[in-house]
Structures are given as structure tokens and as C-alpha cells.
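An overview of the molecular structure
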Amino acid sequence: MNRREWVQYGQRQLEKEQIDNASGEAWYLFSHCMKLNREDYLFGMTEEVEEGPETKAYEEMLEKRRKERIPLQYLLGTQEFMGHSFVVTPDVLIPRQDTETVLEEVIATGIQPEKILDLCTGSGCIAISLALFFQPKICIGTDISEKALEIAKENGKRLCPMVEFIQSDLFENVEGTYDLIISNPPYITSEECRKLMPEVRDHEPMLALDGKDDGLFFYRKIIREASGYLKAGGMLAFEIGYDQGNAVKEMMEESGFHDVKIKKDLAGLERMVFGNK
Ligand code: GLN
């Protein structure tokens, strides 16, 4: 089979299991195993590919994708976020486009934070992307999970070594005050977690998804303590679930934050809340 036929073969395998974007995923897996970039593929689609270790690896990945529903990004080992390639393993949540929207909104406020704190950093995608953009003096990412922090540190070392990663249950081991505290905490209710698509439910870390009974557990805790770690006028910014805007806004206002705003994503869903101390 030539390259295109190998991709089409993979597409058919994935379609049998109703996997969305089967052709795209087949292309990603094939080019990953063959170490081809997009141009190599497009200009050499008709080149014959003999069966060998690479095609075997491809077949194995297709099988894992179909049978075990392992997310594509864990098979590839990377995910693009804000134009950079982040290493991902099942110890961290796969960075989402939704979160890029949140960062774009933060940037659009025009703030110039010199000290940034990212709680529940996971892969480190938020802390690292903000540090690359704002060039702050200090940028810290925290996570409760040691395994997640290993991945965050690996990403930091490669993309932005000034970012510091520390193990901390929210503010537990945090010191100092910040211009910006940002978090995409676990926010899905425990009940909804059980109904997530198998890729997410069975493979992404539950610790990064489960916001407990009403999904608001972490917002509540962070909002209660955030003032002590914010400079006067500093910003607290959250990614939220589409139906959590008002609840989070109210909690922030009750805790004395002002100019609290809910922002929507491109699909018109409420996606973030931010406000100032
Ligand atoms: N901050 C990371 C992200 O946005 C991880 C979030 C989490 O684990 N809840 O992808």
C-alpha cells in the first residue's frame, strides 16, 4: 500500500468504532509512526510503504485507539497549546482549546502581571504559555499530583525554564502575593464524571476532572483564600464549566472581588470568570 492507502486503511479501522475525525486521527498516527511531517506526506502520498516495524507500531496504535479508547494525544505523547508542543501522559489532563480561549481573554484585559500563580497546573500549559507571553519576573505552577508535576517540569525545561513548579494542595505551599492568580481546576460534578466519553472517563486523570458534589468545590476553596495571595488590584481568573458562571461570579463578589466578569468562548458558552481584588 502507498502512504495514502495506509492512512485510508487506518481511517476505516477507526470509523468502525465511530471515532470522530477518523481520517485526521489516522493521518496523525501514521505520520507519527513514519516520522513524516505534513509536507512530506502531501508531496509523497503515492510512495509505497512496506510492512515493517513502523507499520506494526501504527497498527498497534490503531488497535489501542479503537479497543481501549486511548485518546490520540496520549498515543502521540504531545498536544499543541498556544502554538507550543506540550508533552502529555495519562498523568495530566490534555490541554484543551477552551483553555486557550481563557488565556486569550486574560491577555485581552491588557494586564501586565509581574508575578503569576497557576493553581492545578497539570501539564503546565497555562503557566508556561502565560510566562512566554508576559515575560513575568516570577511564574509558579502548582499541582497536588507529583506525577503531573514531573510532566509540567519537563515541559517547562524545554519551553520556558523560568517557570517554577511546586507540589501544593492549592495554596498549601504557596508564599508571597501575585498580580495574577489563574486556575483551571477540576470542575465536573462527580455524577457527570461517570457519564463522560470513555476517552476522558477511562484515561484522563480523575483527579484533574472531578469537582466533587456540585463541581464547585475547588472554586469555593480558592476564592476563600485567594485574597491573601493577591496584591491589591490583582486579578483572579478561572476557567469554568458552561453552567457555572453565575455561581462562581456570586462567590467572588461575596468574597469582595470587584469588576467580576463572565466571558464566553467562540461557541457562545460561558467559559471563564475573572475579577479583581
Ligand atoms: N491547567 C491544566 C489545563 O488547563 C490542568 C487542569 C486540570 O488538571 N484541571 O490543562
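Below you will find a few notes about this structure. (Residues numbered from 1 in each chain as written. Predicted model: local features only at pLDDT ≥ 70, side-chain atom pairs only at ≥ 80, totals over all residues. Heavy atoms only, no water.)

**Comments concerning the overall build of the protein chain**
Looking only at helices and strands, the protein chain has twelve helices and nine strands in total. Scaling as 2.2 N^0.38, a compact globule of 277 residues should have a C-alpha radius of gyration of about 19 Å, and the protein chain matches this with 21 Å. Considering only C-alpha atoms, the protein chain reaches an extent of 65 × 40 × 35 Å along its principal axes. Looking at the protein chain as a whole, 51% of its 277 residues are labelled buried. Considering only intrachain contacts with a sequence separation of at least 6, the fraction spanning at least 24 residues in the protein chain is 65%. Between the centroid of the 33 positive side chains of the protein chain and the centroid of its 50 negative side chains there is a distance of 1 Å. (Helix = DSSP H or I, 4+ residues; strand = E, 2+ residues; numbered from the N terminus. Rg over C-alpha atoms; globule rule 2.2 N^0.38 Å. Buried < 20%, exposed > 50% of the residue type's maximum accessible area, 1.4 Å probe, protein only. Contact = heavy atoms within 4.5 Å. Lys, Arg positive; Asp, Glu negative; His and termini not counted. Charge placed at Lys NZ, Arg CZ, Asp CG, Glu CD.)

**Concerning the site of the ligand**
The environment of the ligand is formed by L93, P95, T99, C120, T121, G122, C125, I126, N184, P185, P186 and A208. Between the ligand and C120, the relevant distance is 3.0 Å, taken from a nitrogen atom to a main-chain nitrogen or oxygen of the residue. T121 is positioned such that a nitrogen or oxygen atom in its backbone is 3.3 Å from a nitrogen atom of the ligand. Burial of the ligand by the protein chains amounts to 97% of its free accessible area of 300 Å². Per-class residue counts for the shell around the ligand are eight nonpolar, four polar and no charged. (Near = heavy atom within 4 Å. Polar contact = N/O pair within 3.5 Å; in protein donor to acceptor, adjacent residues only side chain to side chain. Areas by Shrake-Rupley, 256 points an atom, 1.4 Å probe, with all protein chains shown as cover. Nonpolar A, V, L, I, M, F, W, Y, C, P; charged D, E, K, R; others polar.)

**Some words on a negative patch on the surface**
Taken together, E5, E48, E50, E51 and E59 make up a surface patch of like negative charges. On the secondary structure map, E59 appears in helix α4 (residues 53-68). (Patch = residues over 30% accessible without salt bridge, like charges linked within 9 Å, V, L, I, M, F, W, Y side chains within 5 Å. Salt bridge = Lys/Arg side-chain N within 4 Å of Asp/Glu carboxyl O.)

**Observations concerning α4**
Spanning 16 residues, α4 covers 22 Å between terminal C-alpha atoms, matching the ideal 22 Å at 1.5 Å per step. When we look at burial in α4, the residues that qualify are T55, Y58, M61, L62, R65 and R66. Along α4, the residues classed as buried sweep out an arc of 125° about the axis, all on the same side. Within α4, the exposed residues directed more than 90 degrees away from the buried face are P53, K56 and K67. Packed against the buried residues of α4 are α1 (3-15), α2 (22-34), α5 (72-76) and α10 (198-203). One or two steps after α4, the chain reaches R69, where phi turns positive at roughly 60°. (Expected span 1.5 Å × (residues − 1). Arc of directions from axis to C-beta.)

**Quick word on the state of the cysteines**
In total, this model carries zero disulfides according to the counting rule given. Take C125: it sits in no disulfide, and the sulfur closest to it among the cysteines is that of C139, at 12 Å. By relative accessible area, C125 is classed as buried at 8%. The thiol of C193 is unpaired, and the distance to the nearest cysteine sulfur, on C120, comes to 14 Å. (Disulfide = S-S within 2.5 Å.)

**Looking at the packing of α1 against α2**
Contact geometry for α1 and α2: axes closest at 8 Å, N-to-C directions at 125°. When the axis of α1 is compared with that of α2, the two are oblique. Here α1 and α2 pass one another in a crossing that is right-handed. Contacts between α1 and α2 involve R3, W6, V7, G10, Q11, L14 and E15 from the former and A22, S23, E25, A26, W27 and F30 from the latter. When grouped by side-chain class, the residues that make up the contact of α1 with α2 number seven nonpolar, three polar and three charged. (Axes fitted to C-alpha atoms, helices over the stretch in contact; angles between N-to-C directions. Parallel < 35°, antiparallel > 145°, perpendicular 65-115°, else oblique. Left-handed = near helix turned anticlockwise from the far one by under 90°.)

It is worth stressing that arrangement in space is one thing and function is another; only the former is reported here.
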